[in-house]
Structures are given as C-alpha cells and as structure tokens.
Amino acid sequence: MANPQQNKTYESIRMGVDYYPEHWDEAMWEEDVALMKRSGVAVVRVGEFAWSRMEPRDGEFNFDWLDRALDLFARYGIEVVIGTPTHTPPRWLTEKYPDILPILPNGGVYQPGVRGHRCFNSRELRRYGERIVSRLAERYAAHPAVIGWQTDNEFSLLDSQGKQVAEDFRDWVYQRYGTLEQLNRAWGTVVWSGEYSDWNEVNPPLGGSPYQNPSFLLDFTRFQWEMVADFQNGQIAAIRAHCPDHFITHNYHSYPQRLDLYKVGEALDFASFDYYPNTSPDKASTSPYSGALSLDVTRGVKRQNFWIMEQLSGSPGAWMPMWRMPQPGYIRAYVWQALSRGADTVVHFRWRSANIGAEQFWHGLIDHSNVPGRRLAEFAETSAEVQRLAPLLEGTTPEAQIAILMSHEQLEALRIQKQTDSFDYYENVKEYHRTLTKLGMGCDVIDWRQPLEGYRVVIAPHLYLLDDEAAERLSRFAADGGTLLLTARTGVKNLNNVCVMQPLPGLLADCAGVTVREYDPLGSDVVRLDAEDGEQYACSQWADILDPAADRRIEVMARYGGPVFFAGEAAVTRHEFGRGETYYLGTHPEEDYLRSLLLRIAQERDLPHTEGLPAGVQVSVRAGSSGAYLFVLNLSRDTRRFRLGGAYAQASSGEGLLGGRRYGSGEMEMKPYEVEIFRL
Ligand code: GAL
C-alpha cells in the first residue's frame, strides 16, 4: 500500500463538478459523463445525500447503481470523491431511532424533510453512520475512479439538547473540572443562585436564552466542537481502515459560522470550501473581499492548499429569492481567484440544475432544459486554460509575511456577549483583511494558537479571552523583532470567559505598553479620530482611553477628537518593544485610517504592496519551485484602469500567461472579470 502522505493526487490543479446520479434517469448518465469529459471535468463528487438509495431499508444495501456510475467515471478517466451520506439520515432510520433527530433549544424536534436532521451525539446515528461509511469504504477502496472522501456535508452547530447530549455534556464537564467546587468556581455560578450541588443538575442550555452564564455557554459550544470532531473521527477511522491511500476532506461553508474549523480540520488531509460569491451588483464592493478572506481562512485551516468542493455555477436561489445570474467572465474569474489564493482543485456545484426537490433554483452549469449553454462553455474554456497552466502552478502556494489571527473561541465569546450594537468579531477581521487586500498585500489567516515563526507582521484582532501561553507567544513575537497589532477588547477575560481583575489589555499590557484607564462602548456612534499627521478620520464601536506607560517608548499615533469627554486622549499607540513593536488600536477606526496605518507598516518593513488598486481589483502571488506567479484579477463589473507598483509593475511588463498581453510600466487596463497571470 502506498503511503497516504505520498499520495498527492489532491494537489493537482484541475476542475470538477458535483453530480447526483441518483437524481437523473440512468439513461442520461453516459451522455452526461461524456459531456463532462469534453468540458474538461477531471473530478466529480458524488453521494453525500444518497443514504436512502444506498441503504433503502435497515441493513439492506444497494450499491449497484453507484457501482455503475463509478464505473462510468472510471471508463471516461474522471476521478471521484465520495461524500459520506450522514447529513441526511433516511426516514426508516429516524422513525426507528427518533433520538437521531436533534432537539432544538426551544424543545422542538428538528424534523426530517430538509436535511441536517442529525444529532452528532446520537449513538444510533454514529453506529448506523459508521456502518454505511464502512460499507462504502470497503466497496470502493480499490475502485479505479475513487481518490478520496468528503465527510458528511457542511458541518455546523445545532445546539442540540437531547438526553444523550445532556449525558455527554455532563461527562465532558466532569472530565474538564473534576469537582463541583471547581466547576462552580470556574463558571462563577454563585451569581443568580446557579450553583450546582449534583452533577445531574448540569444540563445543556435549555431554552436557548442568551442571558445564561457566559462561561457555561462558551463551554457548551466547546463541547459541541468536540462532538462534531468525534463524530467525524468515527467516520474517518472507518474510511482509513479500508482506504489508507485515499484522502479525506470536509467541505466547510462560509461565515456566519460557529464551527471551530481548526478542530474539525485536525484529522483531515486538507480542507475544502464551498464558495458562493455574491452575484448581486450591490454586493460587488464587498463580495470579492469577503470571498478572498474565506479562501485565506480555508488555506489557514491546515496551513496548506485546499480544494473548492462547491463553486458557484449559476444563479443561486432556494434558501432565498434568486440572486443575479453570473455574467460572462464571472465563473472564470472566480475560479482564478480561488486558485490564486491556494485552491488546487475547483469543483463546481452543480453539473445541471435540479428539476426536482427544494434546490431547483440553485442553478448548475447547465439549465433545466439540459441544453448546454453559455455557462458550461465558460467552464470548459476555463478548464482548458487551467489544465494548460497546471504544470506551472502545481506545487506553488501563496506565501505570506503577514498573519491575521483568527479564533473561534473569541468569535463565540463575543457572540455570546455582543460588546456593542455595531461590534462584530468576524466583520472586524474582514475589515483588516480587506484593507490588506486593497493594498495588494497577501496574508495568511491562521488559528490564534499557531506558531508565528516566519511572519513579520501579526494582526491579532480582539483577543478577548487570553491565557499565559498566547500572551507569551505574542509578546515574544514582538520582542524578537515582529510588528504586532493588538486591538480594543484584548485580554478582557480568562479562558473560562470570566473578566480579569487587571488593567486591560490584561496579560498583554506590558507588550502593548499602554493600559486602558476607562472605556466607552461607542456602538454605532461615530467619534473623530485625529491622527498624528494632522489627518482626521472617524472611529466607532468602541473607545479605550489609553494611558501610555511612562517608562516606555510610546508614540501616540492618534487621539480622540470632537465633543467627547475624552477628546485629546490617546486612541492608537505604537510601543517600541524589544527589537520589535506593538501597535494598540483602542478603537475601531474607519477603513481609511487602517489603510494609512497598514501602508506605513508595509513601507517601514518593506513588504510587497501596491497603492491605487481600484475597487474589485485584487492581486496575489503563488510561489514554489517552478517560480512565483502574480495573479491580477478584475472582479468588478467595470473596466478598470490602474497602475501596479513596485515588483508587481515589473512583472506585468512580461507576457501574460493567460491573455499574452504585456503592460509595460505597470499601467493596466482590464475589462470586467478579466484575469491575467505574470511571472514574478
Ligand atoms: C451548499 C450545500 C449543497 C447545496 C448548496 C446550494 O451549502 O453543501 O448541498 O445545497 O449549498 O444551496
């Protein structure tokens, strides 16, 4: 048997589609597969909702239809990823074992009929789930078409409250705290007579009230993260027992997302993402940026390249009224955007629009009519182009000197206790990322627990929960010569979600060189921010009134202005710390201010960047042993004229690898959704 570590088929750069053979008359299959082949489809994903077809009755398995579909793919030289079908337990199973259905926080039952109706703690779900997965793995271990597996589909938290959940939670809490005394202390249950006097009193947060003890609520979320990972581990063991050469991945959905992507990612070979960038013109100013972040987040899960397991192919609709149809060039441009940020294989959802079921209007590459049209043609052209460049791009990856730290614990704690009406953890992360993207600065987005070696700048938004390990690692990063950027709401609590009795930013006060004398939760109110260079900006959400430490080298970079009682007080500071520096942003400044700050850092640290990218234009670099490649993408509906700066300008004077154009001095003109790639 080959070593799975050496099985790198998943690093191939190519395109694919999601296909549901069980939705179509078998007489159509071969024509579909032949057309896929002609259109450049190299991979398909199948199976993730087909449990009732694979096991129509308890223990009665029927894989004949899947055999025939997979054989067809093998015959046409198309590789297959099988999705495990546990997202949709069949009716016979939920009838037999109603405890598979999640109990919602309001006590209601999550009924079958849509999907996702499965409680991860249900022993019967695990038993039956592992059985079907094991059967699949055994049957297809040696199938020539099958290369890997997707676990379940788009995991998310359900806050399921059933009896089994209660028992498992109680156990989890017991393992973590050991005695009721410690538990009561850690959660601060004395408030409102919430003390536990018996383990049986420990239950999930029934009723779902957001005003319950925040320490308890955060632990219930952590518990759920572990349960999803456990549930997945059962399937992974079943697959690996039969298919040691195959890869295993999971397809994450986009934010809002309460899952801890990193925890679920631990056991995977690589991460996958389902990418549906918004097609509406009024979202054009944000969607290419939030999409860029989602792609970087996905790359950060394993700190390696990833797949897109579902990519937008037509007008989305079903869960909401339909969005606009992707206009010519859109499908191609977003494939290149995904590749430019580290996707290797891009699989489109879906081959053809469903003519049955709830998702009839979530359009595929081919319309209901089954007449191949414009979108399939664009897919096929893109696929040919991707195949042509694959030999150059395979083995390359985006390399970054900047990291944004992402933490699902912070996200969840700040969701449980929203700090102000306009304060949103992920939206703020987006803003830092967007500002970097607009400056043409690539960055990694990684779990806040990851080592920081190799980075020169670390942006750590809202490390609200903090412990010694994180504080020391970040302080060391700055003291050893890094640039660290901290923000308001840092060091507020310990990991039990309990406020610390220390001046903020708590454990990072020494590293920041400032303490918070008092704060004002601004919410949506806007306050003036006077920068040291005389420019005026706006800030909102929050205002820390900062006291720079007298014995430190602190530069006050911006002060509050306007008619607030703290006008003139320090809002943003820079601390020379060891061989490095720590910026502390006590407020949430408007994007223009962030831009000026990050530009200054880029200039001082000589980081690659370019000013003057117009809205929707993005650049990124993939590098590896075959060289470094600069991607320039116009993800807007308009022609854009702009100038690339620095190293980017030089690269663009070479011949474009896609269109063959040259842009002498970095002066670019790109049509809507045009893309070009240059050697750097
Ligand atoms: C994804 C899901 C797919 C399909 C698609 C369109 O979230 O994984 O199965 O439903 O959205 O809604």
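Residues numbered from 1 in each chain as written. Predicted model: local features only at pLDDT ≥ 70, side-chain atom pairs only at ≥ 80, totals over all residues. Heavy atoms only, no water.

Undergrad: Account for the domain arrangement of the protein, naming residues and giving values.
TA: Each assigned domain of the protein is listed here: domain 1 (8–170 + 218–394), domain 2 (402–605) and domain 3 (617–679). Taking the mean C-alpha position of each, domain 2 and domain 3 sit 33 Å from one another. (Domains from an automatic or database assignment.)

Undergrad: So what's going on with empty space enclosed by the protein? Residues and values would help.
TA: Scanning the entire structure with this criterion turns up 4 cavities of 30 Å³ or more. In this structure, the largest cavity spans a volume of roughly 90 Å³. Contributing to the lining of the largest cavity are Cys119, Phe120, Asn121, Leu158, Asp159, Ser160, Val165, Phe220, Phe223, Gln224, Met227 and Val228. By residue number, the principal contributor to the lining of the largest cavity is helix α8 (residues 214–242), which donates 5 residues. If you go around the second largest cavity, the residues you meet are Asn278, Thr279, Ser280, Lys283, Ala284, Ser287, Pro288, Tyr330, Tyr334, Leu635, Arg637 and Tyr673. (1 Å grid on protein atoms, 1.4 Å probe; cavity = no way out; pocket = protein on both sides within 12 Å on 5 of 7 lines; lining within 4 Å. Points joined across faces, edges and corners; volume = space filled by probe spheres on them. Helix = DSSP H or I, 4+ residues; strand = E, 2+ residues; numbered from the N terminus.)

Undergrad: Now, about the sheet that holds strand β3 (residues 79–83): what can you tell me, with residues and values included?
TA: With respect to topology, 8 strands assemble into a closed barrel ordered β1-β2-β3-β4-β5-β6-β7-β8, the strand pairing being parallel. Looking at each pair of strands side by side, their axes are set apart by 30° on average, direction ignored. Judged from the 4 bridges that link them, β3 and strand β4 (residues 146–150) form a sheet pairing that is parallel. For Gly83, the partnering residue across the bridge sits in β4 and is Gln150. (Pairing = 2+ DSSP bridges. Axes fitted to C-alpha atoms, helices over the stretch in contact; angles between N-to-C directions.)

Undergrad: Explain the site of the ligand to me, and be specific about the residues and the numbers.
TA: If you check the shell around the ligand, you find Phe49, Arg115, Asn153, Glu154, Asp274, Tyr276, Glu310, Trp319, Phe349, Glu359 and Trp362 and nothing else. One of the side-chain N or O atoms of Glu359 is found 2.4 Å from an oxygen atom in the ligand. For the ligand, whose unbound accessible area comes to 300 Å², protein coverage reaches 94%. The pocket occupied by the ligand, as judged from atoms lying within 2 Å of grid points, is the largest pocket. Tallied by class, the residues present in the shell around the ligand amount to 5 nonpolar, 1 polar and 5 charged. (Near = heavy atom within 4 Å. Polar contact = N/O pair within 3.5 Å; in protein donor to acceptor, adjacent residues only side chain to side chain. Areas by Shrake-Rupley, 256 points an atom, 1.4 Å probe, with all protein chains shown as cover. Sits in = over half its atoms within 2 Å of the grid points. Nonpolar A, V, L, I, M, F, W, Y, C, P; charged D, E, K, R; others polar.)

Undergrad: Now, about the pairing of strand β20 (residues 617–624): what can you tell me, with residues and values included?
TA: Within a regular beta strand, the side chains point alternately toward one face of the sheet and then the other, so they alternate between its two faces. Among the 8 residues that make up β20, 6 are buried, leaving the element largely enclosed by the rest of the structure. Both strand β9 (residues 397–398) and β20 contribute to a ladder of 2 bridges, which runs antiparallel. The residue of β20 that forms the bridge with Thr397 is Ala623. Where β20 and strand β21 (residues 627–634) come together, 8 bridges link them in antiparallel fashion. Bridge pairing in β21 links Ser620 to Phe631. Between β20 and the antiparallel strand that follows it, β21, lie 2 residues. (Buried < 20%, exposed > 50% of the residue type's maximum accessible area, 1.4 Å probe, protein only.)

Undergrad: I'd like a description of helix α3 (residues 64–75), backed by residues and values.
TA: The terminal C-alpha atoms of α3, which comprises 12 residues, lie 16 Å apart, in line with the 16 Å expected from a rise of 1.5 Å per residue. Listed as buried for α3 are Trp65, Leu66, Asp67, Ala69, Leu70, Leu72 and Phe73. Buried residues belonging to α3 abut α1 (26–38), β2 (43–46), α2 (51–54), β3, α5 (123–140) and β4. The first or second residue beyond α3 is Gly77, which carries a positive phi of 70°. (Expected span 1.5 Å × (residues − 1). Contact = heavy atoms within 4.5 Å.)

Undergrad: Now, about helix α13 (residues 408–416): what can you tell me, with residues and values included?
TA: Of all 9 residues in α13, 8 are buried, a share of seventy percent or more. On its buried face, α13 is in contact with α8, α9 (261–265), β10 (402–406) and α14 (425–438). You can read the cap of α13 off the contacts: a side-chain oxygen lies 3.2 Å from the backbone nitrogen of Glu409, and it is on Ser407.

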